[in-house]
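# Secondary and tertiary structure notes
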Amino acid sequence: MSGILRATQKNMMVFTGRAHPALAAEVAMNLDTELVPTLAYEFANSEVFVRFEESVRGCDAFVIQSHAAPINKWIMEHLIMVDALKRASAKRITVVLPFYGYARQDKKHRGREPISARLMADLFKTAGADRLMAIDLHTAQIQGFFDGPVDHLMAMPILSDYVKEKYGHEDLAVVSPDAGRIKVAEQWSSRLGGVPLAFIHKTRDTTQPNKSVANRVVGEVSGRTCVLVDDMIDSGGTICQAADALMAEGASSVIIAATHAIFSDPAIERLGASVAREVIVTNTLPLSDEARALPKITELSIAPLISQAIRQVFVDGSVTSMFDGQA
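In what follows, the accompanying structure is described. This structure is a prediction, so every number in the text was calculated from the model and none was measured.

This next bit is on the nonpolar core. In terms of nonpolar packing, the biggest core is built from 41 residues, with V27, L153, W188, I306 and I310 touching the most fellow members. The residues touching L153, leaving out its near neighbours within four places in the chain, are M133, A134, I135, D136, L305, I306, A309, V319 and F323. Counting residues in each nonpolar core, the second largest holds 34 residues, with M13, C59, L85 and V95 among its members.

Listed below in structure tokens is the structure:
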């Protein structure tokens with residue numbers, strides 16, 4: 001018999017960029033491994049250089065990078081890391097995006113606009129990614145932008161379990177900040193025991209970023225603790241307007257729950273002055289010291305979710321089973 005027979009063993013290696021190393025370190029710890037030592041720096045003209053200090057040949061690589069501000073810098077570093085792994089003969093490359101940059105640019109609102117979320121997927125595919133793993137994409141259709149497997153993880157179980165444990169004894173209502181996220185609000189309602197649903201009817205100025213107006217509340221919220229759920233908080237204007245609208249309709253209090261704490265200025269100031277009783281977020285993006293100092297902000301770790309999904313992918317298990325078949 002000609003040839004060489006060898007029993008192969010899979011080798012998981014976890015990598016991180018410099019955008020949010022604390023999250024990646026927590027993920028690696030949950031996986032009982034360590035992050036691969038990586039040399040990364042900028043040249044004088046701001047070009048990014050990356051080199052892995054261990055052999056990655058034949059490995060199952062998981063490259064974690066949150067696209068925090070400055071977003072273009074960290075996206076470029078992420079792409080360069082994937083390219084380096086491809087050229088170093090990694091067997092499979094999974095790009096882990098706790099926060100997917102440019103996700104809000106998922107369609108054209110007017111002529112002559114880009115679909116930047118699709119461009120992002122194309123860039124990672126061209127760089128050498130075999131698979132994407134993201135948390136609470138702005139719209140589910142982004143999964144179809146990447147020509148390969150996409151694991152769309154949901155932070156809702158982590159957030160909703162916290163809300164149920166802390167506020168489950170109160171009369172709750174789940175509120176979507178706009179009509180487009182009603183499906184997510186329905187899932188929240190189910191996890192909280194079938195509490196009533198409501199949504200905010202709002203209009204957005206497509207010619208200006210971060211500009212919207214909360215017009216009215218659709219649904220019964222009077223006398224209830226409203227759980228206002230969204231995928232992200234950027235400058236905080238939309239979510240704070242929604243909280244004000246709920247209180248004006250007679251809600252007893254408002255709790256905000258969001259996955260991605262972007263917190264662009266002046267989000268911290270707005271949230272601190274808002275009527276919200278508590279703002280619950282995850283650590284998909286790094287929180288500033290100013291945000292951590294605000295008493296009403298609660299940060300929950302997403303690392304157990306990411307590490308469980310990575311383990312399922314590595315052993316060829318089921319990621320969908322983590323979410324009762326809904327992912």
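Strands sit in the order β1-β4-β5-β6-β7 across an open sheet of 5 strands; the sheet is parallel. Among the strands making up the open sheet, the edge pair consists of β1 (12–16) and β7 (150–153). Averaged over all adjacent pairs, the angle separating strand axes in this sheet is 15°, with direction ignored. Note: strand β4 (residues 60–64) against strand β5 (residues 92–97), 5 bridges, orientation parallel. Looking across to β5, one finds that D60 is bridged to R92. Together, β1, β4 and β5 form the strand contacts of helix α2 (residues 71–87), whose direction differs from that of β5 by roughly 165°.

Here we come to the side chain of S160. Looking at the element boundaries, S160 is found in helix α4 (residues 156–167). Residue class for S160 comes out buried when judged on its relative accessible area of 1%. A distance of 2.9 Å separates a polar atom in the side chain of S160 from a polar atom in the side chain of R191. Setting aside residues up to four positions removed in sequence, S160 forms contacts with W188, R191 and L192.

Where empty space is left in the structure can be found by rolling a water-sized probe over the atoms. Volume-wise, the second largest pocket comes out at about 230 Å³. If you trace the second largest pocket, you find it lined by R6, T8, Q9, K10, N11, G58, C59, D60, K91 and R92.

At their nearest, the axes of α2 and helix α3 (residues 116–127) sit 8 Å apart, and the two run at 25° to each other. Considering the angle they form, α2 stands roughly parallel to α3. For the pair formed by α2 and α3, the contact residues are I75, H78, L79, V82, D83 and K86 on the first element and M120, L123, F124, T126 and A127 on the second. Class assignment of the residues belonging to the contact of α2 with α3 gives a composition of 7 nonpolar, 2 polar and 2 charged.

About the criteria used
Residues numbered from 1 in each chain as written. Predicted model: local features only at pLDDT ≥ 70, side-chain atom pairs only at ≥ 80, totals over all residues. Heavy atoms only, no water. Core = buried A, V, L, I, M, F, W, Y, C linked by side-chain atoms within 4.5 Å. Buried < 20%, exposed > 50% of the residue type's maximum accessible area, 1.4 Å probe, protein only. Contact = heavy atoms within 4.5 Å. Pairing = 2+ DSSP bridges. Helix = DSSP H or I, 4+ residues; strand = E, 2+ residues; numbered from the N terminus. Axes fitted to C-alpha atoms, helices over the stretch in contact; angles between N-to-C directions. Polar contact = N/O pair within 3.5 Å; in protein donor to acceptor, adjacent residues only side chain to side chain. 1 Å grid on protein atoms, 1.4 Å probe; cavity = no way out; pocket = protein on both sides within 12 Å on 5 of 7 lines; lining within 4 Å. Points joined across faces, edges and corners; volume = space filled by probe spheres on them. Parallel < 35°, antiparallel > 145°, perpendicular 65-115°, else oblique. Nonpolar A, V, L, I, M, F, W, Y, C, P; charged D, E, K, R; others polar.

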